[in-house]
Amino acid sequence: MNSLSERHKPGQRVAAVIVTYNRLNDLKTSVDALLYQTTPPDHIIVINNNSPDNTAEFLLSSKRTIGDSFHYLNLQHNVGGAGGFKKGMEIALELDIDRIWLLDDDGIAHKNALQQLKLASFNSDDTFSSTAICKDDKNSLCWPPSRKTTSLNTLNQITETNFAPFLGFFIHIATIEKIGTPYAEYFISGDDHEYSKRITNLGLKIYWVKSSIVIHPRPSRLEIRIGKFSFRHLLLPEPRITLDTRNRIWTAKIHGSSRRVVLVTLSIVAHLILHLAYTGNINALGAYLKGIYHGISKPTNFDKSLKNNSLQK
């Protein structure tokens, strides 16, 4: 197999970053999808979050097969998606590239996904993103931007948004120089929301590219309608509920006012009530309350390491 650099076509030089944990079969499919892009990335970087399966062996074999354009890092402990993307981006920034493409290990990029991103972002430093569609319904968006825009056929070819998930997130190094890398302290859940806010708060734009498709499993979500109001509620395991709750409050503290923190906390309480009412899972109560406590009590100055944050150990 030719190296990625030998197969590179003219255009922006790109490093794709994948963070993985214990999903070897998914990872193999994801990497293959990158290798056979119509315009493959110049570099592939995989961060292995100390997976207990045979991921390390697969990465070593891939390095031998693909060559110098393939990079990997086997971590000694799990630093979560946020920590993994931070490390992957730091590796990418040492390479001769223009953009970084952030991807999940269970996301499968259509063969022209990167080509479409390059076309959309030509001569622009703005942030663009592939569009994540559900594996079980190719017209459904995994993360709808609004209650009225939930399907692929409702999107424009280029759709401005205030958020894009780390699932096809296509960011220019000039933007990273302005806003930095993701906060590892978020560990998992909401790190992409916070990062998107850093971009839009500077007046920079984020766009979804309809023709750049990444297939992803459908998130487990309740769709609840009460009178004229509808709610989307993610169904997460208890540890993830705690982190998601904490991180939502952290983002409000970093980017908003005290009033915003109060409003976000009230929204979390509303979701807690919905969760208990529709699932009957009483264990979720403790997970939400723990997240609220840590969100309010823990510092959000990420220039210093949060060494005592037990949630990340």
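Below you will find a few notes about this structure. Bear in mind that the values here come from a model prediction, so they are computed numbers and not experimental data.

Let us now look at the pairing of strand 2 (residues 43-48). Of all 6 residues making up strand 2, 6 are buried, and the element is well covered by its neighbours. Side chains His 43, Ile 45 and Ile 47 of strand 2 all project onto a buried face; the interleaved residues Ile 44, Val 46 and Asn 48 project onto the opposite face, where all are buried too. As paired strands, strand 1 (residues 14-20) and strand 2 are joined by 6 bridges and run parallel to one another. Across the sheet, Val 19 pairs through a bridge with Ile 47, a residue of strand 2. Note on the crossover from strand 1 through helix 1 (residues 24-35) to strand 2: the handedness is right-handed. Bridge count between strand 2 and strand 3 (residues 70-74): 5 bridges; the pairing is parallel.

With respect to the secondary-structure elements, Gly 180 resides in the loop between helix 5 (173-179) and helix 6 (191-201). Spatially, the C-alpha atom of Gly 180 lies 15 Å from that of Asp 126, the residues being 54 residues apart in sequence. Not counting chain neighbours up to four residues away, the residues in contact with Gly 180 comprise Tyr 195 and Arg 198.

Here we take up the environment of Ala 270. Inspection of the secondary structure puts Ala 270 in helix 8 (residues 258-279). In sequence terms Ala 270 and Val 17 are 253 residues apart; their C-alpha atoms lie 35 Å from each other.

Before going further, it helps to spend a moment on the packing of helix 7 (residues 238-255) against helix 9 (residues 283-297). With their axes 7 Å apart at the nearest point, helix 7 and helix 9 run at an angle of 30° to one another. On the basis of their axis angle, the class for helix 7 and helix 9 is roughly parallel. Here helix 7 runs over helix 9; the crossing is right-handed. Contact with helix 7, carried on its side by Glu 238, Ile 241, Thr 242, Thr 245, Arg 246, Ile 249, Trp 250 and Lys 253, involves Asn 283, Ala 284, Ala 287, Tyr 288, Lys 290, Gly 291, Ile 292, His 294, Gly 295 and Ile 296 of helix 9 and no other residues of that element. Its residues assigned to classes, the contact of helix 7 with helix 9 comprises 8 nonpolar, 6 polar and 4 charged.

A surface patch of nonpolar side chains, amounting to about 270 Å² of accessible area, comprises Val 262, Leu 263 and Leu 266. Structurally, Leu 266 is set in helix 8.

Throughout the structure, instances matching the rule amount to 0 disulfides. Among the cysteines around Cys 134, which has no disulfide bond, Cys 142 carries the closest sulfur, lying 3.6 Å off.

What follows covers helix 3 (residues 80-92). One turn of an α-helix holds 3.6 residues; hence residues three or four places apart share an orientation. Here helix 3 is 13 residues long and its end C-alpha atoms lie 18 Å apart, about the 18 Å a rise of 1.5 Å per residue gives. Every buried residue belonging to helix 3 is among Gly 80, Gly 81, Ala 82, Gly 83, Gly 84, Phe 85, Gly 88, Met 89 and Ala 92, and all of these are buried. On its buried side, helix 3 packs onto strand 1, strand 2, strand 4 (99-104), strand 9 (169-172), helix 5 and helix 6.

Take the packing of helix 7 against helix 8 next. Two quantities define a packed helix pair, namely the angle between the axes and the distance from one axis to the other. At their nearest, the axes of helix 7 and helix 8 sit 8 Å apart, and the two run at 160° to each other. On the basis of the axis angle, helix 7 is roughly antiparallel to helix 8. Every pair of crossing elements has a handedness; the one defined by helix 7 and helix 8 is right-handed. Contact residues: Ile 241, Thr 245, Arg 248, Ile 249, Ala 252 and Lys 253 in helix 7; Arg 260, Val 261, Val 264, Thr 265, Ile 268 and His 275 in helix 8. Looking at the contact of helix 7 with helix 8 residue by residue, the classes come out as 6 nonpolar, 3 polar and 3 charged.

The rules behind these values
Residues numbered from 1 in each chain as written. Predicted model: local features only at pLDDT ≥ 70, side-chain atom pairs only at ≥ 80, totals over all residues. Heavy atoms only, no water. Buried < 20%, exposed > 50% of the residue type's maximum accessible area, 1.4 Å probe, protein only. Helix = DSSP H or I, 4+ residues; strand = E, 2+ residues; numbered from the N terminus. Pairing = 2+ DSSP bridges. Right-handed = clockwise from strand over helix to strand, strands pointing away. Contact = heavy atoms within 4.5 Å. Axes fitted to C-alpha atoms, helices over the stretch in contact; angles between N-to-C directions. Parallel < 35°, antiparallel > 145°, perpendicular 65-115°, else oblique. Left-handed = near helix turned anticlockwise from the far one by under 90°. Nonpolar A, V, L, I, M, F, W, Y, C, P; charged D, E, K, R; others polar. Patch = residues over 30% accessible without salt bridge, like charges linked within 9 Å, V, L, I, M, F, W, Y side chains within 5 Å. Areas by Shrake-Rupley, 256 points an atom, 1.4 Å probe, with all protein chains shown as cover. Salt bridge = Lys/Arg side-chain N within 4 Å of Asp/Glu carboxyl O. Disulfide = S-S within 2.5 Å. Expected span 1.5 Å × (residues − 1).

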